[in-house]
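Chains, contacts and geometry: an overview
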Amino acid sequence: MPPGGTGGRVSATARLREAVRWDARSVGRAARAAWRGPGRERDLLVQSLKAAAAALLAWLLAQVWLGDPMALMAPWVALVLVQATVYSSVVQGTRQFAAICVGALVASGAQAVTGDTTGALALSVPVLVLLSNWPRFGDQGIYAATTAVFTIATGTVSAVAVGHRLGQAALGAVIGIAVNALVLPPIHLRDVRENLSALARETGDLLRTVAGDLREGDWDGQTAVGWVGASARLQDRLEALRSARGWSTESLRLTSGLLRGLHRAPAKALPPVEEDERFGRITGHVTALTRTLAVAADERRTPSAPDAAVLRCYAELLELLGDSCGAEADRLVGDGTREDPLLDERTEAVMRELHERLQEGLREHAGRGAARAAVLGTLLLQAENLWAELDGGERAR
């Protein structure tokens, strides 16, 4: 069947159907998560409902109670100013109001100069679109151009009309910021803890996966590539953690005192930023470890994998390190008590024994050639680094 024929259409239809099913499942998972309890999904639901409520309140106040003919501006501004943090709402509100003022004034001036709707649009919009890229406006600069379009298209360019428009924009900004600050103000403490715990757990899972494959001896270049891919996903999780840390820090700004008492986040304090740095180093060691194994599995490369017996010993060590990562994950989402296998004397003794056996294996491999010794030495170094980070640097010396 030629390309682009019925087979191609069927394939495209199948992909579209699968994409729709995937999106439907994602929506269902998010809805169930929001229903079950606090979390990112419920936070998004609450923020969405707050934005809708702010817009409705602004409309009622501007149109129903004040009877302002320019009431559209108030709910529009209120809707977009229910941001992820109170600080962001204030900053974005200031920038948006400034952009709206510039757009309304430039539009009025263009209309006064040209006396024609088309001419006013041609004169003002290019300038305002260019001005929207000014860094002072942030991502709110485009509102200068859209305000000019609305102002000129509706024919309301008199001084009174512009004053009404700016007044409604200010009213919407006040309502949007007030709703975001006073109604369950968003404080993103949970995201840091969840991302940090997930990073620790996923790191432990990867270490145990590598350990299981090494123990069985049934691994090759393709398996090692899978390990490297999994370690890259750890880096993605680390970036998500850093982003969550930034949002959490920002969400605590302008929410002190009374407002802090209204937040819906857990009462637990944020894990210290040193934890982020520590697990950043841990993921780096895991990445180096998996890449070393990938090089050893590549037949085109000089370094070769250590003997199976040594790898089984190494797998036991990785298994214990993976268990320690899992214990760290439990500590982060629990009461903060560290229940780490490394603190158990018997586990520590086993790890020290495995470490000594690996060092003996390294000496034996060094006597048989540099290639095998180089791989085992690198693997042992990364395991020691992981041990030092997970154990606080005390027992790994």
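Residues numbered from 1 in each chain as written. Predicted model: local features only at pLDDT ≥ 70, side-chain atom pairs only at ≥ 80, totals over all residues. Heavy atoms only, no water.

1. Here we look at the overall build of the chain
Operational definition: Secondary structure elements follow DSSP: runs of H or I no shorter than four residues count as helices, runs of E no shorter than two count as strands, and numbering proceeds from the N terminus. Relative accessibility thresholds used throughout: buried, under 20% of the residue-type maximum; exposed, over 50%; partly exposed, between the two (1.4 Å probe, protein chains only). By definition, residues are in contact when any of their heavy atoms lie within 4.5 Å. Note on areas: these come from Shrake-Rupley sampling with a 1.4 Å probe, and a residue is covered only by the protein chains present in the view.
Of the regular secondary structure elements, the chain holds 13 helices and zero strands. When the 397 residues of the chain are sorted by exposure, 43% land in the buried category. In the chain, the proportion of contacts linking residues at least 24 apart, taken out of those at least 6 apart, comes to 79%. Total accessible area computed for the chain in this model is approximately 20,100 Å², and 60% of it derives from carbon and sulfur atoms.

2. Focus on the packing of helix α3 (residues 73–80) against helix α6 (residues 142–153)
Quick note on the threshold: Axis geometry follows a simple rule: fit a line to the C-alpha atoms, using only the stretch in contact for helices, then measure angles between N-to-C directions, giving values from 0 to 180 degrees. Should an angle fall under 35 degrees it is taken as roughly parallel, and over 145 as roughly antiparallel, whereas 65 to 115 is taken as roughly perpendicular and any remaining angle as oblique. For any helix crossing, the convention is left-handed if the near helix is rotated counterclockwise from the far helix by under a right angle, and right-handed if that rotation is clockwise. Any residue outside Ala, Val, Leu, Ile, Met, Phe, Trp, Tyr, Cys, Pro, Asp, Glu, Lys and Arg is labelled polar, Gly included; the first ten of those are nonpolar and the last four are charged.
Direction vectors running N to C along α3 and α6 enclose 160°, while the axes themselves pass 13 Å from each other. Taken together, the axis directions place α3 and α6 in an arrangement best described as roughly antiparallel. Taken as a pair, α3 and α6 cross one another with a handedness that is right-handed. Residues Met-73, Trp-76 and Val-80 of α3 touch α6, and the partners they reach there are Tyr-143, Thr-146, Thr-147 and Phe-150. Its residues assigned to classes, the contact of α3 with α6 shows five nonpolar, two polar and no charged.

3. Overview of the environment of Ser-89
The residue Ser-89 is located in helix α4 (residues 86–114) in this model. Residue Ser-89 is classed as buried on the basis of its relative accessible area, which comes to 0%. For the pair Ser-89 and Val-174, spaced 85 residues apart in the sequence, the C-alpha separation amounts to 9.9 Å.

4. Concerning the confidence of the model for the chain
To keep it simple, the criterion reads: For every residue, the predictor states its confidence as a pLDDT score lying anywhere from 0 to 100.
Here the chain shows a mean pLDDT of 79. Residues at 70 or above account for 81%. Looking at the elements of the chain, mean pLDDT is at its lowest for helix α1 (residues 6–36), recorded as 69, and at its highest for helix α5 (residues 117–131), recorded as 91. Of the regions scoring below 50 in pLDDT, residues 1–10 engages in three contacts with residues more than four places distant in sequence or in other chains. In this model, residues 393–397 is a region of pLDDT below 50 whose contacts with residues beyond four sequence positions or in other chains number 12 contacts.

5. Brief notes about the packing of aromatic side chains
Quick note on the threshold: Classification of ring pairs uses Phe, Tyr and Trp, with its six-membered ring standing for Trp, and accepts pairs whose centres are within 6.5 Å; under 30 degrees between planes counts as stacked, over 60 as edge-to-face, and the remaining range as tilted.
If you walk through the whole model with that rule in mind, you get three aromatic pairs. Here the aromatic rings of Trp-76 and Phe-150 are separated by 5.7 Å at their centres, their planes lie at 75°, and the arrangement is edge-to-face. In this pair, Trp-76 is assigned in helix α3 and Phe-150 in helix α6, connecting sequence segments 74 residues apart. You can call Trp-76 partly exposed: its relative accessible area is 21%. On the basis of relative accessibility, which here comes to 39%, the residue Phe-150 falls in the partly exposed class. Of the aromatic side chains, those joined through ring pairs into one cluster are Trp-76, Tyr-143 and Phe-150.

6. Considerations on the side chain of Arg-278
For clarity, the cut-off: Throughout this description, a polar contact denotes any pair of N or O atoms lying within 3.5 Å of each other; where both atoms belong to protein, one of them has to be capable of donating a hydrogen while the other can accept it, and for residues adjacent in sequence the pair is counted only when both atoms sit in side chains.
Looking at where Arg-278 falls in the secondary structure, it is placed in helix α10 (residues 273–297). Polar side-chain contacts of Arg-278 include one of 3.3 Å to the side chain of Glu-328. Setting aside its immediate chain neighbours within four residues, Arg-278 contacts Glu-328, Arg-331, Glu-389 and Leu-390.

7. Side note on the nonpolar core
Note on soluble globular proteins: their nonpolar side chains tend to be buried together. Which entries qualify depends on this criterion: In this text, buried Ala, Val, Leu, Ile, Met, Phe, Trp, Tyr and Cys residues form a nonpolar core when linked through side-chain atoms within 4.5 Å.
In this structure, Val-210, Leu-214, Leu-289, Leu-293, Tyr-314, Leu-318 and Leu-321 are the most contacted members of the largest nonpolar core, which totals 47 residues. When contributions to this core are tallied by element, the ones reaching two or more residues are α8 (189–216), α9 (221–251), α10, α11 (308–333), α12 (345–368) and α13 (370–390). Here the element with the most residues in this core is α11; it accounts for 12 residues. Leu-214 has contacts with Trp-219, Trp-227, Leu-293, Leu-311, Arg-312, Tyr-314, Ala-315 and Leu-318, leaving out every residue within four places of it along the chain.

8. Re the pattern of salt bridges
What counts is decided by this rule: For salt bridges, the criterion is a side-chain nitrogen of Lys or Arg within 4 Å of an Asp or Glu carboxyl oxygen.
Evaluated as defined, the whole model comprises 12 salt bridges. Between Arg-242 and Glu-239 there is a salt bridge, with its nearest N and O atoms 2.9 Å apart. Remark: Glu-239 and Arg-242 occur in helix α9; sequence separation between them is three residues, near one turn of the helix. With a relative accessible area of 46%, Arg-242 lands in the partly exposed category.

9. Structural notes on the environment of Asp-213
As for its position among the elements, Asp-213 is in helix α8. When the C-alpha positions of Asp-213 and Ala-315 are compared, they lie 8.3 Å apart, and in sequence the two are 102 residues distant. Discounting residues that sit within four places of it in the chain, Asp-213 has contacts with Asp-218, Trp-219, Thr-223 and Trp-227.

10. Digging into the packing of α3 against helix α7 (residues 159–182)
The description of two packed helices rests on the angle between their axes and on the distance between the axes. In contact at an axis separation of 7 Å, α3 and α7 are set at 35° when each is read in the N-to-C sense. You can see that α3 and α7 cross each other, and the crossing is right-handed. Within the contact between the two elements, α3 uses Met-73, Ala-74, Val-77 and Ala-78 and α7 uses Arg-165, Gln-168, Ala-169, Leu-171, Gly-172, Ala-173, Ile-175 and Gly-176.

11. Quick look at α7
The test is simple: A helix is expected to reach a length of 1.5 Å times the quantity of its residues less one.
Over its 24 residues, α7 runs 34 Å from end to end, which matches the ideal 34 Å to within 8%, given 1.5 Å per residue. Within two residues after α7, Leu-184 carries a phi angle of roughly 45°, on the positive side.

12. A short note on a nonpolar patch on the surface
The test is simple: Patches here: salt-bridge-free residues with over 30% relative accessible area, like charges joined within 9 Å, nonpolar side chains (Val, Leu, Ile, Met, Phe, Trp, Tyr) joined within 5 Å.
A cluster of nonpolar side chains, namely Leu-56, Leu-57, Trp-59, Val-64, Trp-65 and Leu-66, defines an oily patch on the protein surface of about 640 Å² accessible area. The topology assignment puts Leu-56 in helix α2 (residues 40–65).

13. A word on a negative patch on the surface
Our working definition: Residues counted as positive are Lys and Arg, residues counted as negative are Asp and Glu, and His and the chain ends are not counted. For this purpose, a charge sits on NZ of Lys, CZ of Arg, CG of Asp or CD of Glu.
On the surface, Glu-316, Glu-353, Glu-356, Glu-360 and Glu-364 cluster together into a negatively charged patch. Looking at which element gives the most residues to the negative patch, the answer is α12, with four residues. Within the secondary structure, Glu-316 is located in helix α11. Judged by its relative accessible area of 35%, Glu-316 falls in the partly exposed class.

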